[in-house]
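Fold and contact review
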Amino acid sequence: MGIPVVLFGVLSGSLLAVLVGIIGSHRRIGFGWAFLVSLLFTPLVGLIVTLLFDPLPGGEQRWGCIGTAIAFLGILCLIVFLLLLLSGGAFLALL
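Quick look at the structure, then. (Residues numbered from 1 in each chain as written. Predicted model: local features only at pLDDT ≥ 70, side-chain atom pairs only at ≥ 80, totals over all residues. Heavy atoms only, no water.)

Describing the environment of R27
For clarity, the cut-off: For helices the rule is a DSSP run of H or I covering at least 4 residues; for strands it is a run of E covering at least 2, with both sets numbered from the N terminus onward. Any pair of nitrogen or oxygen atoms within 3.5 Å is treated as a polar contact; in protein, a donor-acceptor pairing is required on top of that, and neighbouring residues in sequence qualify only through side-chain atoms on both sides.
Position of R27 relative to the elements: it lies in the loop between α1 (3–24) and α2 (30–40). On a C-alpha basis, the gap between R27 and T50 in space is 7.4 Å, while along the polypeptide they are 23 residues apart. Here the side chain of R27 touches F53 through a polar contact of 2.5 Å, landing on its backbone oxygen.

Laid out in structure tokens, this is it:
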């Protein structure tokens, strides 16, 4: 595995973990624990654990476009990571 593959893997995992943390900030688990669970396991496991907790009572707090931007960057990095992983780095030779 090359350095770009690992770099995009870590970057996409981190961005998706931040997105799960943002979802967790609206629940009893909170941002920090949701983010930590997502980093230790996978963002999918972190999302499942986060959604098991009850939502916070009170008004709905909005993040605006920050959550959407982080989700877009995370998915974009995940796609690039999969392209690099499946092509074995040959995709970089085309660039």
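Considerations on the packing of aromatic side chains
Filter applied, for reference: Ring pairs are drawn from Phe, Tyr and Trp, using the six-membered ring of Trp, whenever the two centres fall within 6.5 Å, and their geometry is named by plane angle: stacked under 30 degrees, edge-to-face over 60, tilted for the rest. When a residue's accessible area, from a 1.4 Å probe over protein chains only, is under 20% of the maximum for its type it is buried; when over 50% it is exposed; and in between it is partly exposed.
Applying the stated criterion across every chain yields a total of one aromatic pair. Residues F31 and F35 carry aromatic rings whose centres are separated by 5.8 Å and whose planes lie at 5 degrees to one another, so their mutual orientation is stacked. Residue F31 and its partner F35 are both found in helix α2; the two are separated by four residues, about one turn of the helix. Of the residues examined, F35 reaches a relative accessible area of 23% and is grouped as partly exposed.

Note that all results are geometric; they support no functional claim without further evidence.
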